[in-house]
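Observations on the three-dimensional arrangement
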Amino acid sequence: MDAQMMDLARTAGTTVVTLMATDAWERTRDGIVALWRRVSPSRADGVEGELEATRDDLLLARENGDELAEQELGEEWAGRLRRLLRDRPEVAAELRRILADLYPEEPARPGTVQMRAEASGSGRVYQAGRDQRIAER
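Given the structure is predicted, the values throughout are model-derived calculations rather than measurements.

Reading the values: rules and limits
Residues numbered from 1 in each chain as written. Predicted model: local features only at pLDDT ≥ 70, side-chain atom pairs only at ≥ 80, totals over all residues. Heavy atoms only, no water. Helix = DSSP H or I, 4+ residues; strand = E, 2+ residues; numbered from the N terminus. Expected span 1.5 Å × (residues − 1). Buried < 20%, exposed > 50% of the residue type's maximum accessible area, 1.4 Å probe, protein only. Contact = heavy atoms within 4.5 Å. Phe/Tyr/Trp six-rings, centres within 6.5 Å; stacked < 30°, edge-to-face > 60°. Lys NZ or Arg CZ within 6 Å of the ring centre and 35° of its normal.

Structural notes on helix H4 (residues 67-87)
Helix length check: H4, at 21 residues, gives a terminal C-alpha distance of 31 Å against a target of 30 Å (1.5 Å per residue), a fit within 8%. Buried residues of H4: Ala69, Glu70, Leu73, Gly74, Trp77, Ala78, Gly79, Leu81, Leu84 and Leu85, and no others. In this structure, the buried residues of H4 make contact with helix H1 (3-19), helix H2 (25-39), helix H3 (41-64) and helix H5 (92-102).

See below:
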């Protein structure tokens with residue numbers, strides 16, 4: 001599997017999980033399930049259940065401030081999508097279209113993000129390649 005497909009799977013997994021906590025959740029679920037229903041109809045209902053369970057886990061993780069759990073959920077979906085793309089590379093264009101329809105401000109093909117920061121003394125640096133939430137107490 002080439003790097004472009006790996007990036008697509010990683011971006012899609014993260015995007016799907018991120019959108020689970022937004023108003024776009026139902027469209028996200030419906031788009032991903034429709035994709036699976038087309039390429040593997042016998043697994044579509046299971047995928048829908050897994051999406052629902054992941055959403056429950058995500059909402060609980062956010063409620064508890066568990067950012068690691070949220071990252072792991074994105075990685076799990078990236079793995080599922082990577083395996084789908086490995087087995088059915090022809091669905092890459094459809095997956096890109098689904099992502100573009102759901103989250104148009106995100107590019108369907110990720111670019112490279114490079115960040116550099118320096119802080120000294122009591123200085124703090126906050127950087128993010130996407131959304132960032134800071135909860136200081």
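A word on the packing of aromatic side chains
Summed over the entire model, instances satisfying the criterion amount to one aromatic pair. Taking the ring centre of Trp77 as reference, the NZ or CZ of Arg80 above it sits at 4.3 Å.

Here's the deal with the environment of Glu76
Within the element layout of this structure, Glu76 appears in helix H4. Each C-alpha atom, one on Glu76 and one on Val17, is 9.5 Å from the other, the two residues being 59 residues apart in sequence.

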